[in-house]
Amino acid sequence: MAAPLRIQSDWAQALRKDEGEAWLSCHPPGKPTLYGSLTCQGIGLDGIPEVTASEGFIVNEINKKSIHVSCPKENVSSKFLAPYTTFSRIHTKSITCLDISSGGGLGVSSSADGSMKIWQASNGELRRVLEGHVFDVNCCRFFPSGLVVLSGGMDAQLKIWSAEDASCVVTFKGHKGGILDTAIVDRGKNVVSGSRDGTARLWDCGRSACLGVIADCGSSINGVAVGAADNSINLGSPEQMPSEREVGTESKMLLLAREDKKLQCLGLQSRQPLFLFIGSDAFNCCTFLSGFLLLAGTQDGNIYQLDVRNPRTPVQVIHRSGAPVMSLLSFRDGFIASQGDGSCFIVQQDLDYVIELTGADCDPVYKAQVRRGFA
């Protein structure tokens with residue numbers, strides 16, 4: 001990937017003042033960093049600032065919430081988006097996980113302050129506080145209905161909550177270590193969890209029971225993802241007849257991002273291995289892009305794109321900085337990634353530039369999420 005461009009985190013506010021300035025930089029791999037600045041020359045009648053760039057950079061386009069800048073010397077350009085809105089009163093410490101309901105009306109988030117809360121996505125107004133985990137909540141997500149939340153905590157428990165009245169309707173116990181990530185299978189009759197204890201488990205939500213240990217890899221499982229397999233992929237056959245309580249696991253793949261630098265893929269119903277890929281560092285997160293393409297991010301800043309049909313050699317390896325890759329998410333015909341240095345960016349096949357989501361100032365962006373079904 002081309003050299004990443006960086007911009008001052010509060011550029012939109014800085015450039016709304018006459019002669020206001022914001023710094024800009026380009027970081028070509030193996031070369032000295034190029035530094036520059038943007039300067040506001042005044043505000044137009046339409047409320048959009050007139051901005052010029054210092055030598056080496058060009059402002060291609062600007063509006064109230066975005067600016068498209070290029071660095072011709074490195075043949076790179078980025079479109080920086082300012083936040084549409086910011087909610088600063090939901091939590092008191094860093095937010096470790098979040099999700100948006102399928103209808104887009106509600107958000108759920110967990111924080112290093114130990115809390116998990118449901119809030120109105122339009123204005124950040126607090127709706128419910130979900131209390132019941134002991135210690136930190138590591139992950140939380142809505143079921144497809146948007147009315148129910150799944151969470152996993154350092155107390156080794158998975159919990160299902162009603163978003164309407166904040167009651168905990170199901171608690172799953174069985175893991176011996178903190179739960180680090182979850183995935184929901186189809187409409188949500190089954191869910192998958194990955195834990196510090198090195199196991200990935202499949203659960204029956206209706207009966208609050210474990211349907212089996214899908215993988216026991218002896219290393220912390222930092223991220224899990226479930227995806228529908230392309231017809232060309234042989235997922236193998238289960239050694240035992242699957243439980244009738246398994247719903248929607250056939251033709252699905254399970255991807256595990258492991259602390260021991262390994263990325264593991266297997267058939268969810270068959271439990272048969274598809275591949276084991278060794279990366280440059282611990283894998284933190286993973287996601288499927290299609291029925292055969294996937295992404296996985298490492299602690300040392302690499303994003304691997306692999307093809308399940310030929311996983312030995314990556315399709316590509318994207319490296320923008322040495323900061324840990326914290327989250328990956330399939331988006332349109334590309335993906336969204338967030339890193340430990342505060343960067344959060346969108347890569348799309350039909351764009352010759354990267355979209356950068358700004359606002360975070362060097363603090364890790366632990367999770368990025370989009371409203372499901374949003375195109």
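For the protein, an unreviewed UniProt entry supplies the name Proteasomal ATPase-associated factor 1 and the organism Bos indicus x Bos taurus. Recorded under Sequence similarities (unreviewed entry), the UniProt text for the protein is reproduced unchanged: "Belongs to the WD repeat PAAF1/RPN14 family."

(A) Seen up close, the overall build of the protein. Looking only at helices and strands, the protein features one helix and 31 strands. Over its C-alpha atoms the protein spans a radius of gyration of 22 Å, differing by no more than 12% from the 21 Å that the globule rule assigns to 375 residues. Principal axes of the C-alpha set define a box for the protein whose edges measure 70 × 50 × 30 Å. Counting all 375 residues of the protein, 53% fall into the buried class. Within the protein, residue pairs in contact and separated by at least 24 positions form 43% of the contacts whose partners lie at least 6 positions apart. Taken together, the 35 basic and 39 acidic charged side chains of the protein have centroids lying 5 Å from each other.

(B) Up close: the state of the cysteines. For the structure on display, the rule yields zero disulfides. We note that C71 lacks a disulfide partner, and the nearest cysteine sulfur, in C26, lies 4.0 Å from it. A residue is classified by how much of its surface remains accessible, and C71, at 1% relative accessible area, is buried.

(C) Region of interest: the environment of R245. Here R245 shows up in the loop between β20 (221-228) and β21 (252-258). Given a relative accessible area of 27%, R245 falls into the partly exposed group. Remark: the alpha-carbon pair of R245 and A209, spanning 36 residues in sequence, is separated by 9.8 Å. Among residues more than four places away in sequence, those in contact with R245 are N190, D204, G206, R207 and L211.

Parameters at a glance
- Residues numbered from 1 in each chain as written.
- Predicted model: local features only at pLDDT ≥ 70, side-chain atom pairs only at ≥ 80, totals over all residues.
- Heavy atoms only, no water.
- UniProt positions renumbered as here; feature names shortened; annotations may be inferred.
- Helix = DSSP H or I, 4+ residues; strand = E, 2+ residues; numbered from the N terminus.
- Rg over C-alpha atoms; globule rule 2.2 N^0.38 Å.
- Buried < 20%, exposed > 50% of the residue type's maximum accessible area, 1.4 Å probe, protein only.
- Contact = heavy atoms within 4.5 Å.
- Lys, Arg positive; Asp, Glu negative; His and termini not counted.
- Charge placed at Lys NZ, Arg CZ, Asp CG, Glu CD.
- Disulfide = S-S within 2.5 Å.

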